Amino acid sequence: MKLLLVLLLAFPLTLITITYAQTLEATPSQATATLETTISQASATLEALSIKGSKTITFSQRTLEGTKEGFAPGSTREESLKVNISGPITEDTTLNANLFSTYTASDSEDKLSISIKKGPHELYFGDFLADLNDTEFTKLNRNLSGIRLTTTLKQGNFLFLWSNPKGSLKKVKLYGNRTQGPYNLGATNKVVVDSEEVLLNGRKQKKGDDYDIDYNAGTVTFRKKIILDTEILEINFADRSSAYQRALYGYRAFVEPSERWSLGLTYLKEADDLNNAKAIQAATGINPMGQDVFGIDGALSLGSLLEIEGEGALSKKDNNLLDKIDPEQGKAAKIKATSRAGPFTLSADLKRIENTFESFSEATAKKDLWEGGGALSFVPSPNLFTQLDFNQQEF
């Protein structure tokens, strides 16, 4: 039996729809009743701003006539709210704000984001993905919540970010056990949603295609493949548990005045808050920690005669911010040079990563690495290509 009631109230700027649906399905052992109410506001306009949103409330009740093993009667309520405000706030400035809120009996989550754009500048508040991928040694791929300021120009760009990370970065490396899983990440609390990076034998895996993850239990299960005991799993993730409040901030500045040269600077710092740190340390036995990385990268072109590109980075890691011991330092650098003369091309590269170097996202990078190589190619015509390669790696 189905009952549908629709109430329509027309106002100049507001359309409200209330939907009530009840479905009863009878079987020899079970009856289920569901009540769903949806209230949606189509749109409203306040001066030049557009306001849109929806509110959804869902009730569900499970009942049973008789007995059935494993059946759990009861009722649940779920709510969700979506609101968007967008439009110009001045002649050359625009606003885009979003609020998303969900509530269930076991969990609730609120997400707010505000973007203000003016010309080449954007100021953003809320949850965002920090995707600093321009360099190898100062990469940052983390889900953060805070402030991001970006400026994009023809001859360069600038980025500044500040955030309270949703969890502390952790790294797990283990062998397979001849099963699809689940493989425990060793998280002391919940894993931050979408914070994981899963690699199998060095190859990045795709969530939903290659593996599933239970963020509450902190486990990864592979969908299509049994992981042999000779295969290596490397998993990076953010663990929600932390005894201290933590902050992460940094910047990235890049200039390219001409096609002949470019220069970039990157600085990242993540550290526990020292406010009341001694009391927390005494109560938990956990030390406040900090890490920072500074990097420089660039490129220089002298035409076909010589092209050079490279980068270097210095990391510092302090395992106890309360003591006066110098932090552990590490260095990493790489350079590549290419020269062309007629049909000949000669290239050479060299990379060095010290054992004590710590980056923010390259958890699986090889340590104490020396790597070098070169190539000589000969291309007398589009249909003829010859190349001689040499590579050497020690770690």
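For the structure, see preceding data.
All values derive from a computational prediction rather than experimental measurement.

Let's shift gears to the pairing of strand 25 (residues 369–381). With 10 bridges joining them, strand 24 (residues 344–353) and strand 25 adopt antiparallel strand pairing. For Ser347, the partnering residue across the bridge sits in strand 25 and is Ala375. In the sheet, strand 25 pairs with strand 26 (residues 384–394) via 10 bridges, with the strands oriented antiparallel. The residue of strand 26 that forms the bridge with Gly374 is Phe390. What sits between strand 25 and strand 26 in their antiparallel hairpin is a turn of 2 residues.

Strand order across the open sheet formed by 3 strands is 13-17-16, with antiparallel pairing between neighbours. Among the strands making up the open sheet, the edge pair consists of strand 13 (183–184) and strand 16 (211–214). Note that strand 16 and strand 17 (residues 219–222) share 4 bridges and pair antiparallel. Of the residues in strand 17, the one forming a bridge with Tyr211 is Phe222.

Going from Gly181 to Pro182, the amide bond is cis rather than trans, its omega being 10°. Locating Pro182 in the fold gives a position in the loop between strand 12 (168–175) and strand 13. Even without a glycine there, the phi angle at Arg178 is positive, about 65°. Topologically, Arg178 is positioned in the loop between strand 12 and strand 13. For Asn276, which is not a glycine, the phi torsion comes out positive at approximately 65°.

The rules behind each value
Residues numbered from 1 in each chain as written. Predicted model: local features only at pLDDT ≥ 70, side-chain atom pairs only at ≥ 80, totals over all residues. Heavy atoms only, no water. Pairing = 2+ DSSP bridges. Helix = DSSP H or I, 4+ residues; strand = E, 2+ residues; numbered from the N terminus.

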